[in-house]
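Summary of structural features
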Amino acid sequence: MLSKLCPHSRTETVASLSPEFFISRGIRGLIIDLDNTLVAWGKYKITREMRAWVQTMLASGLKICILSNAVEHRVRFFGELLDIPWISRATKPRKNSFKRAMEILQTIPEETAVIGDQLFTDIFGGNRMALYTIWTAPISPQELISTKAMRYLERLVQKSFRNKEIFE
Ligand SMILES: [Mg+2]
């Protein structure tokens, strides 16, 4: 269980991930979480920096699909704004939603990365499917009360990662 919670990589912000980071690892498709990964939780705004990041990825030939547990109108708003496919009410970490995203991306697990801010949904779900998982720091301190409770558990789990290279 613990190993399934450990991401392959970690970043302070998604914007710092270059196309080369993915291409050099043989990754062609990105499954990206919405709230506090791509945009601030609950806000109907995306920063210029993140919008440019999406454009750079697409221009480099990478495909992107938003995978979010949030309600449809919210996920649709950003999918249409960025002109990328999206899946709402995804019930991460269940496997089905990740399979659906890979169908849309037309990738196999070895070619697919998951980017998200939550260990128990994004990272655990991605690792279960043998995808390349990237854990990002949340964009905003605002989030659901239930998510805040999970952060406490994340910190406990994170302690067990200390001996891993990415957390040094
Ligand atoms: Mg999130």
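Report follows, based on the coordinates. (Residues numbered from 1 in each chain as written. Predicted model: local features only at pLDDT ≥ 70, side-chain atom pairs only at ≥ 80, totals over all residues. Heavy atoms only, no water.)

1. Describing the coordination of the magnesium ion
- Coordination of the magnesium ion by the protein involves D33 (OD), D35 (O) and D117 (OD), with metal-donor separations of 2.1 to 2.2 Å.
- Using a relative accessible area of 1% as the deciding quantity, one classes D117 as buried. (Donors = N, O, S within 2.8 Å, 3.2 Å for Na, K, Ca; no water. Buried < 20%, exposed > 50% of the residue type's maximum accessible area, 1.4 Å probe, protein only.)

2. As for the nonpolar core
- By size, the foremost hydrophobic cluster in this structure holds 27 residues, and its most contacted members are F22, L30, L38, W53 and I115.
- Broken down by secondary-structure element, the contributors of at least two residues to this core are α2 (19-23), β2 (29-32), α3 (48-59), β3 (63-67), α4 (72-82), β5 (112-116) and β6 (132-136).
- Here the element with the most residues in this core is α3; it accounts for four residues. (Core = buried A, V, L, I, M, F, W, Y, C linked by side-chain atoms within 4.5 Å. Helix = DSSP H or I, 4+ residues; strand = E, 2+ residues; numbered from the N terminus.)

3. Concerning the packing of aromatic side chains
- Applying the stated criterion to the full structure yields five aromatic pairs.
- Ring plane angle 90 degrees and centroid distance 5.0 Å describe the contact between F77 and F78, whose orientation is recorded as edge-to-face.
- The buried category is assigned to F78, whose relative accessible area is 0%.
- These aromatic residues form a ring-pair network of at least three members: F21, F22 and Y132.
- Looking at R25, its charged tip hangs above the ring of F21, at a distance of 3.8 Å from the centre. (Phe/Tyr/Trp six-rings, centres within 6.5 Å; stacked < 30°, edge-to-face > 60°. Lys NZ or Arg CZ within 6 Å of the ring centre and 35° of its normal.)

4. Here we look at the layout of surface pockets
- Of the voids in this model, the largest pocket is the one considered here, and its volume is about 400 Å³.
- Taken together, 22 residues line the largest pocket, and the ones lying closest to its centre are D35, N69, Q118, L144 and T147.
- Elements that contribute at least two residues to the lining of the largest pocket include exactly α4, α6 (119-128) and α7 (145-159).
- Residue classes in the lining of the largest pocket are distributed as six nonpolar, nine polar and seven charged. (1 Å grid on protein atoms, 1.4 Å probe; cavity = no way out; pocket = protein on both sides within 12 Å on 5 of 7 lines; lining within 4 Å. Points joined across faces, edges and corners; volume = space filled by probe spheres on them. Nonpolar A, V, L, I, M, F, W, Y, C, P; charged D, E, K, R; others polar.)

5. Here's the deal with the sheet that holds β2
- If you trace the six strands from one edge of the open sheet to the other, you get β1-β6-β5-β2-β3-β4, paired in parallel fashion. Of all strands in the sheet, those bounded by a partner on one side alone are β1 (9-11) and β4 (86-87).
- Looking at chain direction, β5 and β6 are connected through four bridges and run parallel. Note on β6: the bridge partner recorded for A113 is Y132.
- α3 contacts β2, β3 and β5 of the sheet and is inclined by roughly 135 degrees relative to β3.
- Across the sheet, α6 is in contact with β5 and β6; its angle to β6 comes to roughly 165 degrees. (Pairing = 2+ DSSP bridges. Contact = heavy atoms within 4.5 Å. Axes fitted to C-alpha atoms, helices over the stretch in contact; angles between N-to-C directions.)

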